[in-house]
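# Residue-level structural notes
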Amino acid sequence: MSKVTLSVIKADVGGFVGHSSVHQNLLAAAKDHLETRGKGLLIDFHVDHVGDDIELIMTHSLGVDNEDIHKLAWDAFLAATAEAKRLKLYGAGQDLLSDSFSGNIKGLGPGVAEMEFEERPSEPVIVFMADKTEPGAWNYPLYKMFADPFNTAGLVIDPKMHKGFDFEVHDLIEHKKVVFHCPEELYDLLVFIGAPGRYCVKSVYSRTLGEIAATSSTQRLNLMAGRYVGKDDPVLIVRCQSGMPAVGEALEPFSKPHIVAGWMRGSHHGPLMPCGAEQAIPTRFDGPPRVMAFGFQLSQGKLIGPQDFFADVAFDRARQIANEMADYFRSMGPFEPHRLGLEELEYTTMPEVLKKLAGRMEPIE
Ligand code: F6R
Ligand code: MG
Ligand code: MG
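As a starting point, this report considers the structure included with it. None of the values given here were measured: they were computed from a predicted structure.

This part covers the pairing of strand β12 (residues 268-271). Of the pairings in the sheet, the one linking strand β11 (residues 259-262) to β12 comprises 4 bridges and is antiparallel in character. Residue pairing across strands places valine 260 opposite glycine 270, the latter belonging to β12. Counting the residues that bridge the hairpin from β11 to β12 gives 5 residues, and of these tryptophan 263 lies at a positive phi of roughly 55°.

The protein atoms that coordinate the magnesium ion (ligand 2) are Asp12 (OD), His19 (ND1) and Asp52 (OD), at distances of 1.9 to 2.2 Å. Each donor residue of the magnesium ion (ligand 2) lies on the same chain, and together they follow the pattern D-x6-H-x32-D. Between the two metals, the magnesium ion (ligand 2) and the magnesium ion (ligand 3), the spacing is 4.6 Å, and aspartate 52 donates to both. With histidine 19 in the loop between β1 (3-11) and α1 (24-37) and aspartate 52 in the loop between β2 (42-50) and β3 (53-60), this residue pair connects regions lying 33 residues apart in the sequence.

For the magnesium ion (ligand 3), the protein coordination sphere consists of Asp52 (OD), Asp53 (OD), Asp131 (OD) and Asp233 (OD), at 2.0 to 2.2 Å. Here the donor residues for the magnesium ion (ligand 3) map to a single chain with the spacing D-D-x77-D-x101-D.

What follows covers the packing of helix α3 (residues 139-147) against helix α5 (residues 186-193). The contact between α3 and α5 brings their axes to 11 Å, and the two run at 165°. As summarised for this structure, α3 and α5 are arranged roughly antiparallel, according to the angle between their axes. Like other packed secondary-structure pairs, α3 and α5 cross with a definite hand, here right-handed. Along its contact with α3, which presents Asn139, Tyr143 and Ala147, the element α5 presents Leu186, Leu189, Leu190 and Ile193.

The next thing to look at is the packing of aromatic side chains. Counting across every chain of the model gives 10 aromatic pairs. An aromatic cluster is built from Phe128, Trp138, Phe254, Phe310 and Phe315, whose rings are joined through pairwise contacts. Over the aromatic face of phenylalanine 117 sits the side chain of arginine 239, whose NZ or CZ is 4.0 Å from the ring centroid. Sitting over the face of the ring of phenylalanine 285, arginine 330 holds its NZ or CZ atom 3.5 Å from the ring centroid.

Let us now look at the packing of α1 against helix α2 (residues 67-86). Following both chains from N to C, one finds α1 and α2 inclined at 145°, their axes separated by 8 Å at the closest point. The element α1 and its partner α2 pack so that their crossing is right-handed. Here Asn25, Leu26, Ala29, Ala30, His33, Leu34 and Arg37 of α1 come into contact with α2, specifically with Leu72, Asp75, Ala76, Ala79, Ala80, Glu83, Ala84 and Arg86. Looking at the contact of α1 with α2 residue by residue, the class counts come to 9 nonpolar, 2 polar and 4 charged.

Next up on the list: the site of ligand 1. In the vicinity of ligand 1 lie 10 residues, with His19, Tyr90, Trp263, Arg265 and Asp286 positioned nearest. In this structure, an oxygen atom belonging to ligand 1 sits 2.9 Å away from a main-chain N or O atom of arginine 265. Here ligand 1, which alone exposes 410 Å², has 75% of that area covered by the protein. Residues that form the shell around ligand 1 fall into these classes: 4 nonpolar, 2 polar and 4 charged.

So, about helix α8 (residues 316-330). If you check α8, its first and last C-alpha atoms are 21 Å apart, about what 15 residues at 1.5 Å a residue would give, namely 21 Å. Those residues of α8 lying buried are Ala318, Arg319, Ala322, Met325, Ala326 and Phe329. End-on, the buried residues of α8 take up no more than an arc of 120°, which puts them together on one face. Turned more than 90 degrees away from the buried face of α8 sit Arg317 and Tyr328, all of them exposed.

Here the residue pair phenylalanine 16 and valine 17 is connected by a cis peptide bond, since its omega of -5° sits within 30 degrees of zero. By secondary structure assignment, the location of valine 17 is in the loop between β1 and α1. In this structure, proline 183 follows cysteine 182 across a cis peptide bond, with omega equal to 25°. Following the sequence through the fold, proline 183 ends up in the loop between β7 (176-182) and α5.

Before going further, it helps to examine the nonpolar core. Counting 40 residues, the largest nonpolar core has Phe128, Phe146 and Phe167 as its most contacted members. Of the residues forming this core, the biggest block, 5 residues, is contributed by α3. In this structure phenylalanine 167 touches Leu142, Tyr143, Phe146, Ala147, Val178, Val179, Phe180, Cys182, Leu189, Val201, Ser203 and Val204, once residues within four positions along its chain are discounted. In this structure, Ala11, Ala80, Leu96 and Leu108 belong to the second largest nonpolar core, which totals 28 residues.

On to the side chain of histidine 60, then. Note that histidine 60 resides in strand β3. A polar side-chain atom of histidine 60 sits 3.1 Å from the main-chain amide nitrogen of leucine 62. In contact with histidine 60, not counting residues within four places along its chain, are Val4, Thr5, Ser7, Leu41, Leu42, Ile43, Ile69 and Glu114.

Below, the discussion takes up the sheet that holds β3. Spatially, 4 strands are ordered β2-β3-β1-β4 in an open sheet, and the strand pairing comes out antiparallel. The two strands at the open ends of the sheet, each matched to only one other strand, are β2 and β4 (111-118). The mean inter-strand angle of the sheet, taken between neighbouring strand axes irrespective of direction, is 15°. Where β2 lies against β3, 8 bridges are found, and the strand directions are antiparallel. When the sheet's bridge partners are listed, aspartate 44 is paired in β3 with threonine 59.

The rules behind each value
Numbers given for residues are sequential positions, taken from 1 along each chain in its written order. Lettering for chains starts from A, numbering for ligands starts from 1, and both go in the order in which the items are written. With the structure being a predicted model, the display of local features is reserved for residues of pLDDT at least 70 and the display and counting of side-chain atom pairs for 80 or more, all residues being used for whole-chain, interface and lining totals. Each side-chain value is derived from all of the structure's non-hydrogen atoms; neither hydrogens nor water enter the calculation. Only strands joined by at least two bridges in the DSSP assignment are considered to pair. By definition, any uninterrupted DSSP run of H or I lasting at least four residues is a helix, any uninterrupted run of E lasting at least two residues is a strand, and each is numbered from the N terminus. Only N, O and S atoms count as donors, using a 2.8 Å cut-off from the metal and 3.2 Å for Na, K and Ca, and because water is excluded some sites may appear unfinished. Only C-alpha atoms enter the line fits that serve as axes; for helices the fit covers just the stretch in contact. Angles between N-to-C directions range over 0 to 180 degrees. Roughly parallel refers to an angle under 35 degrees, roughly antiparallel to one over 145, roughly perpendicular to one between 65 and 115, and oblique to any angle outside these ranges. Crossings are sorted by hand: turned counterclockwise from the far helix by less than a right angle, the near helix makes the crossing left-handed, and turned clockwise it makes it right-handed. Contacts were defined at the residue level, with two residues in contact if any of their heavy atoms lie within 4.5 Å. In this analysis, rings of Phe, Tyr and Trp, with Trp reduced to its six-membered ring, are considered paired at centre separations within 6.5 Å, and the interplanar angle assigns stacked below 30 degrees, edge-to-face beyond 60, and tilted for intermediate values. Here, over-ring charges are defined by two tests on the NZ atom of lysine or the CZ atom of arginine: distance to the ring centre within 6 Å, and angle to the ring normal within 35 degrees. Under this grouping Gly is polar, as are all residues other than the nonpolar Ala, Val, Leu, Ile, Met, Phe, Trp, Tyr, Cys and Pro and the charged Asp, Glu, Lys and Arg. When at least one non-hydrogen atom of a residue lies within 4 Å of a molecule or strand, that residue is treated as near it. Pairing of N or O atoms within 3.5 Å defines a polar contact, subject to two protein rules: one partner must be a possible hydrogen donor and the other a possible acceptor, and residues neighboring in sequence count only if both atoms are side-chain atoms. Accessible surface area values rest on a Shrake-Rupley calculation with a 1.4 Å probe, where residue burial reflects the displayed protein chains alone. In this scheme, a helix's expected span is set at 1.5 Å multiplied by one less than its residue total. Only protein chains enter the accessibility calculation, which uses a 1.4 Å probe; a residue whose area is less than 20% of its type maximum is buried, one above 50% is exposed, and one in between is partly exposed. By arc we mean the arc of the directions from the helix axis to the C-beta atoms, nothing more. What is meant by a nonpolar core is a set of buried Ala, Val, Leu, Ile, Met, Phe, Trp, Tyr and Cys residues, joined one to another through side-chain atoms within 4.5 Å.

Okay, here's the thing in structure tokens:
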């Protein structure tokens, strides 16, 4: 059996209006590009958006980090950018940090989550897509899905899950990685992933099946650009069922909104609100941060779907809780912990204010 690669590549190349959504012309330009230039490269694709981010969901047989696939995505974003410029949309070309493509789209601005695997007799996958937040936003739900038996009954009940999962964690500051074998290293794992601004779960592997189960995008745009560009608005792919979390176990962590960094100006904590495609347009204080979950069945690499999971009324209550949390957080205004801690505000006006006041700073007697 040949392997299939699922590549999800995303970028914000212009908002409509402000940073809230993506104009349909941009989606059409990206789709058109994949349709015409993806011939002979892609098996299938789906183009969508969450908030102001365009999501290219693609299948092919060329493996991860393939130059042709990355170039195809880069050029699709360029085509959308041209349309964004023509319509004078906000922040046209925002995430494309380079003037030219050089072999791999990673490091050039767009977010990338890719996995290669042998398609099982039935292959359900979920693509999670978030806006107004950072890659560490996946730490909490990935922990719940793959390590918490109170979330995932399969860890207790399914013999193919009982041995647990390996978590590959990346240190985004030092550019190092480490694998934790869980459940026995759960407490060690939590020391790191409880700090989602620095340590991010990159991938999860089934110990029984020896297969990849989940992978996320983990770049930090601001660290790459050296200035504030926006939060990374990450994506996550999760394979489900038959030794992986059931679809419902993968969705369950989002029933209680957790607190993530991002929101207005990428500088605030707030709830991650699960929502359907129709509701994926962050408005209030440019938020609150959103997450969408699209389910697909793969069939010889074809993407059968999407199924818009968070459109379900079962997530209405999570949205209500997120709205109540948003009220509460907003009442804090510019005070921490609604506003991010100082070290996270590195690329905002904060260093300039500190510089301006440096001369007036006196030692305390
Ligand atoms: C957050 C985001 C928005 C903008 C805000 C200010 O990721 O994109 O909240 O930061 O709308 O945007 P500018 O600085 O472009 O006016
Ligand atoms: Mg934007
Ligand atoms: Mg965005």
